[in-house]
Amino acid sequence: MLHSTKIVAALAAITIFSLPITVQAQAHGKTKKGPATIAEAEKFLKDAEARLDKLSSATQRASWVYETHITDDTESIAAQANELSLEAAGEIAIQARRYNKLPLSVDSKRKLKLLQLSLSLSSEKDRGEYSRLAAQMNGAYGKGKYCPNPSDEKSCLNLGQLEKILATSHNPAELKDAWLGWHQTAMSYKDSYAKYVQVSNKGAREMGFADTGALWRSQYDMPPEAFAAETERLWQQVKPLYDSLHQYVRLKLQQTYGKDEVPSEGPIPAHLFGNMWSQSWDNLYPLVKPQGPAANLDIAEILKQKNIDAKAMTQFSEGFYTSLGMEKLPASFWSKSQLTKPRDREVVCHASAWDLDNLMDVRIKMCINQTTEDFLVIHHELGHIYYDLAYRNQPHLFKGGANDGFHEAIGDTVALSVTPAYLNKLGLLAEVPDASQDIGVLLDRALQKVAFLPFSYLVDQWRWKVYSGQVQPQDYDKVWWELREKYQGVKRPAPMIAGGFDAGAKYHVASDTPYSRYFIAHILQFQLHRALCREAGYSGPLNRCSIYENKAAGKKFQAMLAMGASRPWNEALQAVTGEDKLDASAIIDYFAPLKVWLDAQNKSLAK
Ligand code: X8Z
Ligand code: ZN
């Protein structure tokens, strides 16, 4: 589980109230007689919140122990706890239907809708299978290893080691080997995934959704089709910027690897982007940086030189949030978080933020290295934590993000204020570069943020097709690569293999975490940044703005965080930006000078 403590998330205006009331109320055993009343509905909501609150803490604790000590025993403990939560959430979701037509308060109506955005598996066997498969795939991903020499255990490489090769090597054969090695690890749970999809769909259908994909798309205060159209609209807005970056990177990669490796047209092999999923390309900065003096955000050397360890890196990040007027992290955060990879056991290293008691027991789980990337990921994770803390006084069902994209955007918004000037102030960067070097910084950011857009869009394009049944297991890879070629312009470094499951080599597929949230977050964080900079009285180029120490911006931000999931997300957006729609013009504005530069480079490099 990532940041979310609840099985339900945000609300949607959807028509899911189709079953006759008697059938609805009987579905999980309990039958209420007579017409529903407002008083009964209020009591139902109160009891449901208390029950879910208690269960979510138990489930979170079991999952925490599992993900930080992977064993067969902790796997089954986590699966059992999840099964109980699933049972309760499903039962409550079905019972909630009884009150849908009552004239309740706005808050109670919203709570009822949120409760019904959940799977309901009435069969115990299905719940058991669903929970077991989920825990098993999550653990398999965490333990995944590539052993170049299968008879020698010492040759085995874990994901962290393979990612390091992808990030630092410039030897195409070595890159390809690490890439293929990791991707083949997912084959072992392809069948589990296919089975899991079927059971999950059953649960979505019991709640009246077409399939689990439709359930996911229903969590954005709009009908599922409208959400799909909205993401496509945003993608079209940013595509020209992505295309310019992709073309520039192609030409620079050709200079490093030659035209045999990097074609002049069509998709580029996926192992050459410095990242296992080609999802962010900042590790390519040294290969693609502008000529002459060009600043960037590289602080890895300084972290090592100054011996700034994982805890100190996290304290720097906390310092940003407190500079905005937010509270210090509780002592238990420091004693209970997992900041570095333990040597003595298997863990899920993929970074996550946890809210174990829905109050103050917040923690992060990371395997921090002294890299710029991890420094920024810490800001991302603390964004989740500060959101959790800000809405802790809301009723249980409103303890969540305005939508999941908001939850993902908070820390990234703060990290956009991690500018060279800010790093210099902290003593993490030797000099403040002048504005003439901005292109380097912008390019570095674009390699992180713009490169990510098509990937974050396509992961759920694929999953929506899988959940709808449009793509069957034998075509998982075929369609995965069609989408990756179409949107990202990257291709598999070698022919597909029978039984392959390349999508499963991505954490969020193995852990069944929706991914559109990151696409939304990458548009939204620039919108929030633009508005908070305005609030701070700043009017220069957006890439030079840092809201560090600005209490006015901090206050606006905190007020939005404290709303949690209590209102539709466009009201949360309005509270900070005054705008009520997602709008990619902020990311376009932010990178406007870079776009001009990229297009000029592409013209001259192509000659
Ligand atoms: O999974 C994450 C976070 C935890 S919510 C580290 N991210 C996505 C990923 O790694 O694929 C952050 C950006 C995209
Ligand atoms: Zn996150």
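Note that the structure is predicted; figures quoted are calculated from it, not measured. All residue numbers refer to position in the chain's written sequence, counted from 1. The naming scheme follows written order: chains are lettered A onward, ligands numbered 1 onward. Only residues with pLDDT of at least 70 get local features here, since the model is predicted, and only at 80 or more are side-chain atom pairs given and counted; chain-wide, interface and lining totals rely on the full set of residues. To get the side-chain values, all heavy atoms of the structure are used, and hydrogens and water are removed first.

Draft legend 1. A look at the overall build of the chain. Helix and strand counts for the chain come out as 26 helices and 6 strands. For the radius of gyration, the atom set is restricted to C-alpha positions; the globular benchmark scales as 2.2 Å times the number of residues to the power 0.38. A globule of 607 residues ought to have a C-alpha radius of gyration of about 25 Å, and the chain, at 24 Å, matches this closely. Principal-axis analysis of the C-alpha atoms gives the chain an extent of 80 × 60 × 45 Å. For the chain, the proportion of its 607 residues judged to be buried stands at 60%. Contact between two residues is taken to exist if any of their heavy atoms lie within 4.5 Å; hydrogens are not considered. Within the chain, contacts between residues at least 6 apart in sequence are counted, and of these 79% link residues at least 24 apart. Accessible surface, the chain as shown: approximately 23400 Å² in total, 52% of it carbon and sulfur. The numbering of helices and of strands both runs from the N terminus, where a helix is a DSSP run of H or I of at least 4 residues and a strand a run of E of at least 2. Each residue is placed in one exposure class: buried if its accessible area under a 1.4 Å probe, protein chains only, is under 20% of its type's maximum, exposed if it is over 50%, and partly exposed if it falls in between. Reported accessibility uses the Shrake-Rupley method at a 1.4 Å probe radius. Residues are deemed covered only where the shown protein chains occlude them.

Draft legend 2. Just the state of the cysteines, in detail. Throughout, a disulfide means two cysteine sulfur atoms within 2.5 Å of one another. Summed over all chains, the structure comprises 3 disulfides. A sulfur-sulfur distance of 2.0 Å marks the disulfide that ties C147 to C156. Its S-S torsion of about 105 degrees marks the bond between C147 and C156 as right-handed, since a negative value means left-handed. You can call C147 partly exposed: its relative accessible area is 24%. The disulfide partner of C533 is C545, and the gap between their sulfur atoms is 2.1 Å. Negative torsions about the S-S bond denote left-handed disulfides, and the value of about -100 degrees found for C533 with C545 makes this one left-handed. With a gap of 12 residues between them, C533 in helix α22 (residues 516-535) and C545 in the loop between α22 and α23 (551-563) connect regions that are remote in the sequence. When sorted by exposure, C533 lands in the same class as C545, which is buried. Indicated for the chain is the disulfide connectivity 1-2, 3-4, 5-6, based on numbering the bonded cysteines in sequence order.

Draft legend 3. Structural context of the pairing of strand β5 (residues 362-365). What you see with β5 is no split at all: V362 and I364 on one side and R363 and K365 on the other are buried throughout. Any two strands with at least two DSSP-identified bridges between them are counted as paired. The pairing of strand β4 (residues 352-355) with β5 spans 4 bridges and is antiparallel. Following the sheet pairing, W354 is matched in β5 by R363.

Draft legend 4. Focus on helix α3 (residues 72-96). One fewer than the residue count of a helix, multiplied by 1.5 Å, yields its expected span. The end-to-end C-alpha distance of α3 is 36 Å, a good match for the 36 Å that 25 residues give at a rise of 1.5 Å each. Pairs of N or O atoms within 3.5 Å make up the polar contacts considered here, provided that, within protein, one atom can donate a hydrogen while the other can accept it, and that residues adjacent in sequence are counted only when both atoms are side-chain atoms. Between the side-chain oxygen at the start of α3 and the backbone nitrogen of D73 there is a gap of 3.2 Å, and the oxygen is on T71.

Draft legend 5. Inspection of the packing of aromatic side chains at higher detail. Ring geometry is summarised as follows: Phe, Tyr and Trp rings, the Trp one being its six-membered ring, pair when their centres sit within 6.5 Å, and such pairs are stacked at plane angles under 30 degrees, edge-to-face over 60 and tilted between the two. Within the structure shown, the criterion is met by 40 aromatic pairs. Taken together, a centroid distance of 6.1 Å and an interplanar angle of 80 degrees make the contact between Y189 and F501 edge-to-face. Of the two residues, Y189 sits in the loop between α7 (172-184) and α8 (190-206) while F501 sits in the loop between β6 (490-491) and α21 (507-510), which places them 312 residues apart along the sequence. An identical accessibility class is assigned to Y189 and F501; each is buried. Ring centres 5.9 Å apart and planes at 70 degrees place the aromatic pair W235 and Y487 in the edge-to-face group.

Draft legend 6. Seen up close, the coordination of the zinc ion (ligand 2). Binding of the zinc ion (ligand 2) to the protein goes through H380 (NE2), H384 (NE2) and E408 (OE), at separations of 2.0 to 2.1 Å. Only nitrogen, oxygen and sulfur atoms count as donors, using a 2.8 Å cut-off from the metal that widens to 3.2 Å for Na, K and Ca. Water is left out, so coordination shells may look unfilled. Under the classification used here, a metal with four donors is tetrahedral if each angle lies between 85 and 135 degrees, square planar if opposite donors are over 155 degrees apart and the others between 65 and 115, a six-donor metal meeting that same test is octahedral, and anything else is irregular. Around the zinc ion (ligand 2), the 4 donor atoms sit at angles spanning 90 to 128 degrees, and that spread fits a shape best called tetrahedral. Linear spacing of the donor residues for the zinc ion (ligand 2) on their chain is H-x3-H-x23-E. Taken together, the positions of H384 in helix α15 (residues 372-390) and E408 in helix α16 (residues 404-416) put the pair 24 residues apart, joining distant regions of the chain.

Draft legend 7. Representation of the environment of D580. Mapped onto the elements, D580 comes out in the loop between α24 (569-577) and α25 (585-590). On the basis of relative accessible area, D580 is assigned to the partly exposed category, the value being 40%. Along the primary structure D580 and Q472 are separated by 108 residues, whereas in three dimensions their C-alpha atoms are 38 Å apart. D580 has contacts with W569, N570, L573 and Q574, leaving out every residue within four places of it along the chain.

Draft legend 8. Highlighting the pattern of salt bridges. Think of a salt bridge as a Lys or Arg side-chain nitrogen and an Asp or Glu carboxyl oxygen that are within 4 Å of each other. Here the structure, examined in full by the defined rule, presents 29 salt bridges. A salt bridge links D589 to R530; the nearest nitrogen and oxygen atoms lie 3.1 Å apart. Of this pair, D589 sits in helix α25 while R530 sits in helix α22, placing them 59 residues apart in sequence. A residue is classified by how much of its surface remains accessible, and D589, at 42% relative accessible area, is partly exposed. Take R530: its relative accessible area is 14%, and that puts it in the buried class. Taken together, the shared-partner salt bridges connect R530, R534, E579, D583 and D589 into one network.

Draft legend 9. Representation of the site of ligand 1. The criterion for a residue being near a molecule or strand is simple. One of its heavy atoms has to lie within 4 Å of it. Looking at ligand 1, there are 13 residues lining it, with Q279, H350, K506, H508 and Y515 nearest. Taking H508, its side chain carries an N or O atom lying 2.9 Å from an oxygen atom of ligand 1. Here ligand 1 loses 87% of its free accessible area of 370 Å² to cover by the protein chains. When residues are grouped by polarity, Ala, Val, Leu, Ile, Met, Phe, Trp, Tyr, Cys and Pro land in nonpolar, Asp, Glu, Lys and Arg in charged, and all others, Gly among them, in polar. Classifying every residue of the shell around ligand 1 gives 5 nonpolar, 5 polar and 3 charged.

Draft legend 10. Structural context of the environment of L453. Examined against the element boundaries, L453 turns out to sit in helix α19 (residues 452-468). Residues L453 and Q136 lie 317 residues apart in sequence; the distance between their C-alpha atoms is 30 Å. Discounting residues that sit within four places of it in the chain, L453 has contacts with W235, V238, F519, H522, I523 and I587.

Draft legend 11. Examining the environment of T37 more closely. Of note, T37 is situated in the loop between α1 (21-26) and α2 (38-68). Excluding residues within four positions of it along the chain, T37 makes contact with Y99 and L102. Polar contacts involving the side chain of T37 include one to the main-chain amide nitrogen of E40, which spans 3.1 Å.

Draft legend 12. Up close: the nonpolar core. Grouped together as the largest cluster of nonpolar side chains are 171 residues, with contacts concentrated most on L245, L253, L443, W462 and F591. Here F591 is in contact with L241, L442, R445, A446, K449, V450 and F526, once residues within four sequence places are set aside. Counting 16 residues, the second-largest nonpolar core is a separate cluster that includes A41, I92, Y99 and L112. Side-chain atoms within 4.5 Å are what join buried Ala, Val, Leu, Ile, Met, Phe, Trp, Tyr and Cys residues into a set we call a nonpolar core.

Draft legend 13. Region of the structure containing the side chain of S63. In this fold, S63 is placed in helix α2. Using a relative accessible area of 5% as the deciding quantity, one classes S63 as buried. Not counting residues up to four positions away in its chain, the partners in contact with S63 are A78, N82 and W354.

Draft legend 14. The arrangement of the packing of α23 against α24 in detail. All axes are obtained by fitting lines to C-alpha atoms, using only the stretch in contact for helices, and the reported angles, taken between N-to-C directions, cover 0 to 180 degrees. It is at 9 Å that the axes of α23 and α24 come closest, and there the two elements cross at 170 degrees. By the criterion of interaxial angle, the relationship of α23 to α24 is roughly antiparallel. From α23, K556, F557, M560 and M563 reach across to α24, where they touch E571, A572, A575 and V576. Looking at side-chain class alone, the contact of α23 with α24 contains 6 nonpolar, no polar and 2 charged residues. Angular relationships are summarised with four words: roughly parallel below 35 degrees, roughly antiparallel beyond 145, roughly perpendicular across 65 to 115, and oblique for the angles in between.

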